[in-house]
Amino acid sequence: MVALAPAALLAAWEQVRELPPPHRPAALLRAFGAPPQTSVGRRDAALLDAFAENFGPSLEGLARCPGCGTEVELSVSVAELTAGMPPARPVEPLDVGGRTLHWRLPDDGDLVAAAQAGSPERGALVLLSRCVPDGGRPLDAQERVALAECVEAADPFADITFTLTCPGCATVWDSPLDPAEFLWARFAARARRLLGEVDELARAYGWPEREILALPQARRDSYLELVRRG
Ligand SMILES: [Zn+2]
């Protein structure tokens, strides 16, 4: 996993922002030089690594209390999140109701297909069906439930949740966490900040974008301070 230099970050931001959201996680990983991952959970674990490498050790954001609507600040350490994950169970053939399912973990392509299914229920069905590649008759309800449990246990990072408590009304709830969303939000914010810095320094000194982006951050900050002081 690499820390992106400013010019590379802006180039990647331009590419990724054009993509529909289901395609962004894989594109972000490519931007950070990570190899394609074989499951959604491994992809999300790699996205968390990229976040920590580039934007620091904690995920910070806001969540809304389902009890009273108060916005609650959340701060989760990537290291704690990773350490708290249960070990992945192996992917083994599943015997359910007299049928043996040979299945695999869902990957990025399966998520994209599920997102195009039209509704969350239909998407879940598409996802699970794709995980049993050798086909046969469609999965019945019992098989779907059993397979969903196996998929979750074998790929714990695919479904990251953490527990929040509302300081206003003491409601406790589990909030899902999407590493790609956190990474993309910080990535886009960093890109916009860089563009602002280029704009300010180019106006003040007439330097070209390439040279401004090549300055070390500390030196760019010092020039910005001088410009702002007038
Ligand atoms: Zn509340």
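Residues numbered from 1 in each chain as written. Predicted model: local features only at pLDDT ≥ 70, side-chain atom pairs only at ≥ 80, totals over all residues. Heavy atoms only, no water.

A closer look at the coordination of the zinc ion
- Within the protein, the atoms that donate to the zinc ion are Cys65 (SG), Cys68 (SG), Cys166 (SG) and Cys169 (SG), at distances of 2.3 Å.
- For the zinc ion, the 4 donor atoms in the first shell make angles of 104 to 114° at the metal, so the coordination geometry reads as tetrahedral.
- Positions of the donor residues of the zinc ion along the chain correspond to the pattern C-x2-C-x97-C-x2-C. (Donors = N, O, S within 2.8 Å, 3.2 Å for Na, K, Ca; no water. Tetrahedral: all angles 85-135°; square planar, octahedral: opposite > 155°, others 65-115°.)

Quick look at the pairing of strand E1 (residues 58–64)
- The sheet contact formed by E1 and strand E2 (residues 71–77) spans 7 bridges and is antiparallel. Residue pairing across strands places Gly61 opposite Leu74, the latter belonging to E2.
- In this antiparallel pair of consecutive strands, E1 and E2, the connection spans 6 residues, and Gly69 shows a positive phi of 85°. (Pairing = 2+ DSSP bridges. Helix = DSSP H or I, 4+ residues; strand = E, 2+ residues; numbered from the N terminus.)

A look at the domain arrangement of the protein
- What the domain assignment reports for the protein is domain 1 (6–85 + 176–229) and domain 2 (94–154).
- A separation of 32 Å is found between the C-alpha centroids of domain 1 and domain 2.
- Every contact between the two is made by 8 residues of domain 1 and, on the other side, 7 residues of domain 2.
- Summing both sides of the interface, domain 1 and domain 2 together bury roughly 640 Å²; the carbon and sulfur share of this comes to 61%.
- The largest share of the area that domain 1 buries against domain 2 comes from Pro22, Val40 and Arg43, three residues that together contribute 54% of it.
- Counting across the domain 1 and domain 2 interface gives 1 salt bridge. (Domains from an automatic or database assignment. Contact = heavy atoms within 4.5 Å. Buried area = accessible area lost by both parts, 1.4 Å probe. Salt bridge = Lys/Arg side-chain N within 4 Å of Asp/Glu carboxyl O.)

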